Amino acid sequence: MSETITETETATESTTDSAQTTSGESQERLREEWTHYRFDGPPKLSVEDLNVWYGDDHALKDVSMDIPEKSVTALIGPSGCGKSTFLRCLNRMNDRINIANIEGSVELDGSEIYDPNTNLVELRKRVGMVFQAPNPFPKSIRDNISYGPRKHGDIETGLLARLLGRDDKDEEQEIVERSLKQAALWEEVSDRLDDNALGLSGGQQQRLCIARCLAVDPEVILMDEPASALDPIATSKIEDLIEELAEDYTVVVVTHNMQQAARISDQTAVFLTGGELVEYDDTDKIFENPESQRVEDYITGKFG
Amino acid sequence: MAEDRVESLRADVIAFGRVVEGRFRQALTAVDTFDPELADEIIDGDAEINQRYLALEGECIDCFALGQPVAGDLRLVTAAFKILTDLERIADLATNLAALAETLVGDDTGETFAAVPLVEIGEFAAAMLDDALHAFAEGDAELCKGVASRDDRLNERCAAASATIIRQLVEYSGEADSPIAAAPAAAREVLVLVRDLERVGDHAVNVAARTYYMFEFDDALLY
């Protein structure tokens, strides 16, 4: 808690310093230049003037950014900067928070996800999510993976299915195997698919959660600090996995670990205190020569 | 803590650079005054320079491994890592110079080459190093460009000096009582020395180029 307060205070001082040296208008213009990331092809996700309030707290301010497909986009910034809030806006997870008030636009392949007619179940199938702490269901490894496809009606198994003349056991096995292989877990669990998932190590549980997310064939995978609860070896496996997933999926990952962002992402967005996106660019540019002094101060650990 | 480490590395590189510059200037004095004792001192001191160089290189590696620097810090540690090598090479060249001072005294032929302004050329190179170190210490990008732009002039002066020595060799080759004809080995040494002075300038340009990259994120001066 004290760390958060310190970061908030120092970042505020930094803002004041910048304001003294640059007029408000040109600062605004520069910020737009620093956050307007250019890339070839249409964006997978396009966010425009996104604002989020939790009650009176303005958690995200006028955030606009386009996210390219089949790449890893890292979101970094101090605690309370709004990066997780931003991530949760990308599949409308914030809808579940009563006091959250969201304005702006988020388009997935050009379609507005905040349109009242959006099918939320379908949206969250296309935009999956992996959380900080591994949270497998207290079920078998197999059931963890097949839960999603069953809920979405992609497969039918069990007694009822058999009575109705449909049993997708082979399809289920195929999905379980494919998902576990994609999540680099198959080798370790293929001989105990019916064991309880809670018996797996933390790193294995997290890869299982990624496999569970992959089982419904998403297009975008949102990850909220997916390796922060894991040891270095498990972290390394998750990082390798994220890089591999980016060949087929659009990955957006929130991380507190800047070295991790540097290692795994193609582009990095830096949010600073106050819910402001300050700079968004190729990851090597951000970590070698950021434009904003505030970003430089944040990533080098100096404030003010 | 990490910030202190990078700042301390910066100060150490500057201090090391100033020591190297001092050795180089002393070596020029040894050549100028045919002072074998001073030359010995410089040659003996090279081990200490090498030790200091290795310690600073180790400090750069520690900065990478332990501090995982980014942005300006990363550019500083990367530049320092490369600059240290150039500085160590300049110290080696100073040792060569000192060794030559001893040769010239031994052969008593140094004055034969009085027509070649060796010390003046050396001081020109030393001034380039001085400015490159000043630019590193102060973050002066314009000064970096100034150092790079003087390299052509140094090269011209070195080429002219070499031409003078070769001309003398040719002109006096038939005169048995000419000192230069009596000591062709010394002539060769002086030619090597001229080349070394030119290299000191190249290393000074490298220091300036890395400094320019460090402050401007621009490798324009590197090649």
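Residues numbered from 1 in each chain as written. Chains lettered and ligands numbered in written order. Predicted model: local features only at pLDDT ≥ 70, side-chain atom pairs only at ≥ 80, totals over all residues. Heavy atoms only, no water.

## Structural notes on the packing of helix α4 (residues 118-138) of chain B against helix α5 (residues 141-172) of chain B
All names here are of chain B.
- The N-to-C vectors of α4 and α5 enclose an angle of 165 degrees; their axes lie 10 Å apart at closest approach. The orientation of α4 relative to α5 falls into the category roughly antiparallel. For α4 against α5, the interelement crossing comes out left-handed. On α5, the residues that touch E120, I121, F124, A125, A127, M128, D131, A132, H134 and A135 of α4 are L143, C144, V147, R150, D151, R153, L154, R157, C158 and A161.
- A breakdown of the residues in the contact of α4 with α5 according to their chemical character gives 13 nonpolar, one polar and six charged. (Axes fitted to C-alpha atoms, helices over the stretch in contact; angles between N-to-C directions. Helix = DSSP H or I, 4+ residues; strand = E, 2+ residues; numbered from the N terminus. Parallel < 35°, antiparallel > 145°, perpendicular 65-115°, else oblique. Left-handed = near helix turned anticlockwise from the far one by under 90°. Contact = heavy atoms within 4.5 Å. Nonpolar A, V, L, I, M, F, W, Y, C, P; charged D, E, K, R; others polar.)

## Description of the confidence of the model for chain A
Residues and elements named next belong to chain A.
- Of the residues in chain A, 89% have a pLDDT of 70 or more, and the chain-wide mean is 87.
- The least confident element of chain A, judged by mean pLDDT, is helix α1 (residues 2-21) at 40; the most confident is strand β8 (residues 250-254) at 98.
- Confidence drops under pLDDT 50 across residues 1-21; counting only partners more than four residues distant or on other chains, this segment forms 15 contacts. (pLDDT = per-residue confidence, 0-100.)

## Overview of the nonpolar core
- Ranked by size, the top nonpolar core spans 70 residues in total, and within it L9, V13, F16, F24, L87, L97 and L197 of chain B carry the most contacts.
- Elements represented by at least two residues in this core include exactly α1 (2-33), α2 (36-67), α3 (71-107), α4, α5 and α7 (184-216) of chain B.
- By residue number, the principal contributor to this core is α3 of chain B, which donates 16 residues.
- In contact with L197 of chain B, not counting residues within four places along its chain, are F24, L28, L97, L118, I121, G122, A125 and L154 of chain B.
- Among the nonpolar cores identified, the runner-up in size contains 49 residues, and A197, I221, A261 and I264 of chain A belong to it. (Core = buried A, V, L, I, M, F, W, Y, C linked by side-chain atoms within 4.5 Å. Buried < 20%, exposed > 50% of the residue type's maximum accessible area, 1.4 Å probe, protein only.)

## Considering a negative patch on the surface
All names here are of chain A.
- A grouping of D240, E243, E244, E247, D248, D266, D282 and D284 is seen on the molecular surface, where their side chains present a negatively charged patch.
- For the negative patch, the element with the highest residue contribution is helix α10 (residues 232-245), accounting for three residues.
- Inspection of the secondary structure puts D284 in helix α12 (residues 283-288). (Patch = residues over 30% accessible without salt bridge, like charges linked within 9 Å, V, L, I, M, F, W, Y side chains within 5 Å. Areas by Shrake-Rupley, 256 points an atom, 1.4 Å probe, with all protein chains shown as cover. Salt bridge = Lys/Arg side-chain N within 4 Å of Asp/Glu carboxyl O. Lys, Arg positive; Asp, Glu negative; His and termini not counted. Charge placed at Lys NZ, Arg CZ, Asp CG, Glu CD.)

## Re the interface of chain B and chain A
- Between chain B and chain A, the residue contacts involve nine residues of the former and nine residues of the latter.
- Roughly 920 Å² is buried in total at the junction of chain B and chain A, and carbon and sulfur atoms are behind 54% of that figure.
- Counting the surface chain B buries against chain A, the share from its top three residues, V70, A71 and F217 of chain B, is 49%.
- Summed over the shared surface of chain B and chain A, the result is zero salt bridges.
- In this structure, the connection of chain B to chain A is made through five residue pairs in polar contact (both at pLDDT 80 or more).
- Counting residues per element, the side of chain B that touches chain A draws most heavily on α3 of chain B, at five residues.
- Classifying every residue of the side of chain B that touches chain A gives four nonpolar, two polar and three charged. (Buried area = accessible area lost by both parts, 1.4 Å probe. Polar contact = N/O pair within 3.5 Å; in protein donor to acceptor, adjacent residues only side chain to side chain.)

## Some points on the sheet that holds strand β9 (residues 267-272) of chain A
Residue and element names in this part refer to chain A.
- Strand order across the open sheet formed by six strands is β6-β7-β8-β3-β9-β10, with mixed pairing between neighbours. Strands at the two margins of the open sheet, each flanked by one partner only, are β6 (127-130) and β10 (276-282). Within the sheet, the average angular offset between the axes of one strand and its neighbour, ignoring direction, is 15 degrees.
- Two strands pair when backbone bridges link them, and β9 and β10 are joined in this way by six bridges, in the antiparallel orientation. (Pairing = 2+ DSSP bridges.)

## Comments concerning the domain arrangement of chain A
Residue and element names in this part refer to chain A.
- Each assigned domain of chain A is listed with its residue range as follows: domain 1 (2-134 + 218-299) and domain 2 (137-199).
- With six residues of domain 1 at the interface, the matching set in domain 2 holds seven residues.
- Together, the buried faces of domain 1 and domain 2 total about 480 Å²; carbon and sulfur atoms form 53% of this surface.
- Considering only the surface of domain 1 that becomes buried against domain 2, K125, L241 and Y249 emerge as the three largest contributors, covering 65% of it.
- At the surface where domain 1 touches domain 2, the tally comes to one salt bridge.
- As a salt-bridge pair, K237 and E188 come within 4.0 Å of each other at their nearest N and O atoms.
- Where the side of domain 1 that touches domain 2 is concerned, the elements lending two or more residues are α4 (120-126) and α10.
- In terms of residues, the side of domain 1 that touches domain 2 owes the most to one element, α10, which gives three residues.
- Across the side of domain 1 that touches domain 2, the residue classes tally to four nonpolar, no polar and two charged. (Domains from an automatic or database assignment.)

## Some thoughts on helix α7 (residues 169-182) of chain A
Residues and elements named next belong to chain A.
- If you check α7, its first and last C-alpha atoms are 20 Å apart, about what 14 residues at 1.5 Å a residue would give, namely 20 Å.
- Contacts made by the buried residues of α7 are with α5 (141-151), α8 (186-189) and α9 (202-215).
- Within two residues after α7, A184 carries a phi angle of roughly 55 degrees, on the positive side. (Expected span 1.5 Å × (residues − 1).)

## Thoughts on unusual backbone geometry
- At D217 of chain A, a position not held by glycine, the phi torsion is positive, near 60 degrees.
- On the secondary structure map, D217 of chain A appears in the loop between α9 and β7 (220-224).
- Judged by its relative accessible area of 48%, D217 of chain A falls in the partly exposed class.
- Phi is positive for F34 of chain B, close to 50 degrees, though the residue is something other than glycine.
- Of note, F34 of chain B is situated in the loop between α1 and α2.
- In this structure F34 of chain B comes out as partly exposed when scored by relative accessible area, which is 32%.

## Structural notes on the pattern of salt bridges
- Across all of its chains, the model carries 27 salt bridges over all chains by this definition.
- The shortest N-O distance in the salt bridge between R188 of chain B and E189 of chain B comes to 3.3 Å.
- Sharing partners across several salt bridges, the network here consists of K44, D109, R126 and E219 of chain A.

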